Amino acid sequence: MINAEFRKKVQQFVKDNRENIIADIKEIVAVPSVAGEPSEGMPFGPGPKNALNKGLEMASRMGLKTTNLDNYIGYAQLDGEREEYLATICHLDVVPVGNGWKADPFIVREIEGWLIGRGVCDNKGAAILTMYMLKFFKEQGVKLPYTIRALFGADEETGMTDVEHYLEKEKAPLFIFTPDANFPVCCGEKGIVSFNLFSKKIDNSNVLKFDSGVAGNVIPDLAEITFKNCDGNFPVIDGFEVEKTQEGIKVTAHGIGGHAASPEGTKNAIGMIVNYALDNNLFSEEEKPYFLLLKKLHDVSDGSGLGIDADDKLFDPLTCIGGIISFKDGIFCQNINIRYPTNTNPEKIHKILDSLFKTVGGYVPESKGAEPFYIDPKDPIVMAMMNTYNEVTGLHTEPYTIGGGTYARHFPRGVAFGTEPQGDELPDFVGSAHMAEEGYSIDGFMSALEIIIIAMSELQKLEY
């Protein structure tokens, strides 16, 4: 049972700091932190470096000790009785802006109790909460049994090499959780792997340009293709625009974007264009076989069209989406992002894909992925966090697994915990992670802060 007096202190702290938390979320979101070209002292470009430095500056203003590890990753620390430490980890880099924003995505807007801006939900808002978690314990003036660190990464969206750098420099925590998923506790994550599906070199192409998508782990809501031949059939139908240019005919598709791990409810704009062009015989005979295979990719999201579907009954079934397509020097390349359960692996998937695309003269290079991971839901750590969440909320929830990938999988003992309520529907003016109008409710942030403070207090009572 949670100590009632302690919980009152937490609730009062949250109430007293509400406006400061909102202001700090706005300040950190205002730093554009999409990955850029690496250079000296900026391993992921200037944006992630600037966001990391801003985050550490904010933590320092709260009176916390901070450390920057070569602009890869940093942390704020509150010393405990032992040097051994528990930790949280968030990321301050964000995915590209994409399309569909109604205003500047780096200027947070407050609408009906919601904050809207790129990174509000994924994952800058949660990063601010972890700073305030440390601030709370600091203000109590009592040393906790274990030291606590709040880690802030700068490369979560593009490779997680920031964590590799951290573990080369620092001893791993006894336990870590990342508030970069849903409540309650995520005890398992699917494996993740990406492949490039190359066509043969096309000598007789009817395509001038086909370069669409913003990131491999984002389902594109917009795609454009330009055809040379203007004599074909180009019907104007729902979801499409057709424009005659000096080069040829440009076709634009408007779909429904989303995160690669959750394709349900989305509509891939690249797949829309592939179907449009095949239906209207716009590809040349030489390029058509390649796009007939891409049609099998895009028509379903479980990989069954390409023969790579898998279901282990522990995780949800495999998902496979096409995130980016390019056309260069006569060769098409469709990048795909796969989230897979335990009964398949990248080697098996590659063998099937490479064999399939070789039938049309193409090829698929090998690729390494991140393996699935799973923690027993009965682990005392998981149970302590679950009990905290259920007691604070009055709910009766169970741990869950996801198709997304978080920092948790890179540590010896870790889970994802919060900050989003599982299954809550967003109002129609708010987008989810990786989408336009990304946002999160102010009340949701305050509730999440109470939960993670109390959960960290409960974790301090365990032996590791």
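In short, a report on the structure. No experiment lies behind these values; they were computed from the predicted model shown.

On to the packing of helix α8 (residues 380-393) against helix α9 (residues 442-459). At a closest axis distance of 9 Å, the pairing of α8 and α9 adopts a crossing angle of 140°. What the angle tells us is that α8 and α9 run oblique. Classified by chirality, the crossing of α9 by α8 is right-handed. Facing Ile-381, Met-385, Thr-388, Tyr-389, Val-392 and Thr-393 of α8, the residues of α9 in contact are Glu-450, Ile-451, Ile-454, Ala-455, Glu-458 and Leu-459.

Counting buried positions over the 5 residues of strand β9 (residues 185-189) gives 5, a clear majority of the element. Judged from the 2 bridges that link them, β9 and strand β21 (residues 414-417) form a sheet pairing that is antiparallel. Along β21, the bridge assignment pairs Cys-186 with Ala-416. Sheet topology places β9 next to strand β20 (residues 400-402); 3 bridges connect them, and they run parallel. Along β20, the bridge assignment pairs Gly-188 with Thr-401.

Further remarks concern the sheet that holds strand β5 (residues 114-116). Taken together, the 3 strands give an open sheet; going across it, the order is β4-β5-β23, and neighbouring strands pair in antiparallel fashion. Across the chains shown, the open sheet's two edge strands, defined by having one partner strand only, are β4 (109-111) and β23 (439-441). Ignoring strand direction, the axes of neighbouring strands in this sheet form an average angle of 25°. Sheet topology places β5 next to β23; 3 bridges connect them, and they run antiparallel. From the neighbouring strand, Ile-116 faces β23, where its bridge partner is Gly-439. In this fold α9 packs onto β4, β5 and β23, with an angle of close to 70° to the strand it touches most, β23.

Conventions adopted
Residues numbered from 1 in each chain as written. Predicted model: local features only at pLDDT ≥ 70, side-chain atom pairs only at ≥ 80, totals over all residues. Heavy atoms only, no water. Axes fitted to C-alpha atoms, helices over the stretch in contact; angles between N-to-C directions. Helix = DSSP H or I, 4+ residues; strand = E, 2+ residues; numbered from the N terminus. Parallel < 35°, antiparallel > 145°, perpendicular 65-115°, else oblique. Left-handed = near helix turned anticlockwise from the far one by under 90°. Contact = heavy atoms within 4.5 Å. Buried < 20%, exposed > 50% of the residue type's maximum accessible area, 1.4 Å probe, protein only. Pairing = 2+ DSSP bridges.

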